Amino acid sequence: MRFSLLSVAAAATLLAGASQAQAANYAIDPTHTFVTFEIGHFATSTNRGRFDKKEGTVQFDRAGKNGKVEIVIDIASINTGTAPFNKHLQSAELFDAAKFPTAKFVADKFSFNGDKVSEVAGTLTLLGKTNPVTLKATNFNCYDSPMVKREVCGGDFETTIDRTQFGMNYGLAYGFPKEVRLLIQIEAIKQ
């Protein structure tokens, strides 16, 4: 009988530990999450823009050092501050927002430096093509938000993609680079 009670107690302790190491669910905070891009313009200046509408979820297990993320970006929400440029970027020559209204980043490979996320590897789907992308963290933190009264985790991430891998070739003949720098500012609220 004593062996059975010890076995039950040990099993309960293991289950309690396992449940504490489970990933928590977070929802992307759209007011603190932005996807910005930069591309050279005739080797003179840098064109910048961002996508104003995005949504997504994160599963994050700090103790287990793993997670999952899915972010969907509304291509029609592109905003450069100039309406004609926005319209051209939405056209079939570039993002083709009518045919491909969203882009999606999905990842399940988190790397850590200590207890901080250092990079997230996954795939980016853009213009109907999916390619691997790794986002490197330049900043990462979790905090208890005094506003929403919950834990918030997030950071600043960046990567450079080759837009031609997604079939976006406009401007190459003019000398526009194929490399586009992506800067992602993200915060997600624990649910």
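The structure presented is a predicted model; accordingly, all values stated were derived computationally and were not measured.

Analysis parameters
Per-chain numbering applies: the sequence of each chain, read as written, is numbered from 1 onward. The predicted origin of the model limits local features to residues at a pLDDT of at least 70 and limits the giving and counting of side-chain atom pairs to 80 or more, whereas totals for whole chains, interfaces and linings rest on all residues. Hydrogens and waters are ignored; side-chain quantities use all the structure's heavy atoms. Counted as salt bridges are all cases of a side-chain nitrogen of Lys or Arg within 4 Å of a carboxyl oxygen of Asp or Glu. What counts as a helix is a DSSP run of H or I of at least four residues, what counts as a strand is a run of E of at least two, and both are numbered from the N terminus. Values of pLDDT, the confidence the predictor places in each residue, fall between 0 and 100. When DSSP finds two or more bridges between two strands, those strands count as paired. Take the buried Ala, Val, Leu, Ile, Met, Phe, Trp, Tyr and Cys residues and link them wherever side-chain atoms come within 4.5 Å; each set so joined is a nonpolar core. Burial here depends on accessible area, computed with a 1.4 Å probe over protein chains only, as a share of the maximum for the residue type. Under 20% is buried, over 50% is exposed, and the range in between is partly exposed. The contact criterion used is simple: two residues touch if any of their non-hydrogen atoms lie within 4.5 Å. Whenever a pair of cysteine sulfur atoms sits within 2.5 Å, that pair is classed as a disulfide. With a 1 Å grid spanning the protein atoms alone, the term cavity applies to any set of points in which a 1.4 Å probe fits but cannot get out, the term pocket to an open set with protein on both sides within 12 Å along at least five of seven lines, and the term lining residue to any residue with an atom within 4 Å of a point. Grid points are joined across faces, edges and corners, and a volume is the space filled by probe spheres set on the points. Three classes are used: nonpolar for Ala, Val, Leu, Ile, Met, Phe, Trp, Tyr, Cys and Pro, charged for Asp, Glu, Lys and Arg, and polar for all others, with Gly counted as polar.

**Topic: the pattern of salt bridges**
Phase 1: Under the criterion given, the structure shown has nine salt bridges.
Phase 2: Where R62 meets E151, a salt bridge forms, and the shortest distance between an N and an O atom there is 2.3 Å. Of the two residues, R62 is situated in the loop between β4 (54–61) and β5 (66–74) and E151 in strand β10 (residues 151–162); the sequence distance between them amounts to 89 residues.
Phase 3: Between K104 and E70 there is a salt bridge; the shortest N-O distance is 3.6 Å.

**What to know about the confidence of the model for the chain**
Phase 1: Of the residues in the chain, 89% reach a pLDDT of 70 or more, and the chain-wide mean stands at 90.
Phase 2: Ranking the elements of the chain by mean pLDDT puts helix α1 (residues 2–20) last with 41 and strand β6 (residues 78–79) first with 98.

**Examining the pairing of strand β8 (residues 116–126)**
Phase 1: Across nine bridges, the pairing between strand β7 (residues 102–113) and β8 is antiparallel. In the sheet register, S111 faces β8, and the bridge partner there is E119.
Phase 2: In this sheet, strand β9 (residues 129–144) lies alongside β8 in antiparallel orientation, the contact comprising eight bridges. Residue A121 lies in a different strand from β9, and its bridge partner there is T134.

**Digging into the nonpolar core**
Looking at soluble globular proteins, one finds that nonpolar side chains tend to be buried together.
Phase 1: If you look at the biggest cluster of nonpolar residues, it comprises 42 residues, and the most contacted ones within it are F51, F60, F95, F105, V117, V120 and F157.
Phase 2: With near-sequence residues (within four places) excluded, F95 lies in contact with F51, I75, I78, L89, Q90, F100, L126, L127 and M168.

**Some thoughts on the state of the cysteines**
Phase 1: In total, this model carries one disulfide according to the counting rule given.
Phase 2: Paired through a disulfide, C142 and C153 show a sulfur-sulfur distance of 2.0 Å. Disulfide C142-C153: the torsion about the S-S bond is 115°, which places it as right-handed. Of this pair, C142 sits in strand β9 while C153 sits in strand β10; the two residues are eleven residues apart in sequence, bridging distant segments of the chain.

**Thoughts on the layout of surface pockets**
Phase 1: Approximately 540 Å³ is the volume found for the largest pocket.
Phase 2: Taken together, 29 residues form the lining of the largest pocket, with F37, L89, F95, M168 and V180 sitting closest to its centre.
Phase 3: Contributing elements (two or more residues each) for the lining of the largest pocket: β2 (34–41), β3 (45–51), β5, α2 (83–90), β7, β8, β9 and β11 (179–190).
Phase 4: Here the lining of the largest pocket gets five residues from one element, more than from any other, and that element is β2.
Phase 5: Here the residues of the lining of the largest pocket are counted per class, giving 24 nonpolar, four polar and one charged.

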